[in-house]
Amino acid sequence: MRGTKLPGQGFICAYCGFVNHGGGATRLRDHLGAIVGEVKQCNSVPRAVRDAIKALQKSTMEKKREKEQRKLRLERDLL
Ligand SMILES: [Zn+2]
């Protein structure tokens, strides 16, 4: 992932130079992926990068959901 990590918290975006104080890799991802959150989205990130981050985010969320469902199923089977 592009971007410069600031000492401690925060980052500088390598594409648009946006400086965010506070937050780390997650905020940078939200910024580059134009994911609605606490950080404004990037206007200079290449589309391919943004799409890749969005896809990654989606698969992470799907994996999380899958895990929760598996846990629920397991609990149901046991009770
Ligand atoms: Zn940016």
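Below: a short report on this structure. Worth saying up front: this structure is predicted, and the values here are computed from it rather than measured.

A word on the overall build of the protein. Within the protein, the secondary structure is distributed over 2 helices and 3 strands. For the protein, the sequential pattern of α-helices and β-strands runs β-β-β-α-α. A compact globule built from 79 residues should have a C-alpha radius of gyration of about 12 Å, whereas the protein, at 16 Å, is more than 25% larger. For the protein, the residues scored as buried account for 19% of the 79 residues in total. Of the contacts formed within the protein by residues at least 6 apart in sequence, a portion of 21% connects residues at least 24 apart.

It is worth spelling out the environment of Gly3 at this point. The topology assignment puts Gly3 in the segment before β1 (4–5). Note on Gly3: 20 C-beta atoms within 10 Å, which makes it buried. Those residues in contact with Gly3 that sit more than four places away from it in its chain are Phe11, Ile12, Cys13, Ala14 and Leu28.

Below, the discussion takes up the sheet that holds strand β2 (residues 11–12). Here 3 strands make up an open sheet; going across it, the order is β1-β2-β3 and the pairing antiparallel. With one partner strand each, in any of the chains shown, β1 and β3 (19–20) form the two edges of the open sheet. Pairing of β2 with β3 involves 2 bridges; the strand directions are antiparallel. When the sheet's bridge partners are listed, Phe11 is paired in β3 with Asn20.

So, on to the environment of Leu32. Mapped onto the secondary structure, Leu32 falls in helix α1 (residues 25–32). When the 27 C-beta atoms within 10 Å are taken as the criterion, Leu32 is described as buried. Among residues more than four places away in sequence, those in contact with Leu32 are Cys42, Val45, Val49, Arg50 and Ile53.

Once that is clear, we can look at α1. Summarising burial for α1: 6 of the 8 residues are buried, a large majority. Within α1, the full set of buried residues consists of Arg27, Leu28, Arg29, Asp30, His31 and Leu32. Packing partners of the buried residues in α1 comprise β2, β3 and α2 (47–78). Phi turns positive one or two residues past the end of α1, at Ala34, with a value near 55 degrees.

Definitions and limits used
Position numbers for residues count from 1 along each chain, tracking the sequence in the order it is written. In view of the model being predicted, local features appear only for residues whose pLDDT reaches at least 70, and side-chain atom pairs are presented and counted only at 80 or more, with totals across whole chains, interfaces and linings using the full set of residues. By the criteria applied, helices consist of DSSP H or I runs no shorter than four residues and strands consist of E runs no shorter than two, each listed in order from the N terminus. The quantity called the radius of gyration is restricted to C-alpha atoms. Its globule counterpart is 2.2 Å times the number of residues to the power 0.38. With C-beta atoms placed from the backbone, the exposure class of a residue follows from how many other C-beta atoms lie within 10 Å of its own: 20 or more, buried; 12 or fewer, exposed; in between, partly exposed. Note that contacts rest on C-beta atoms placed from the backbone: two residues are in contact if these are within 7 Å. Strands are treated as partners if at least two bridges between them are detected by DSSP.

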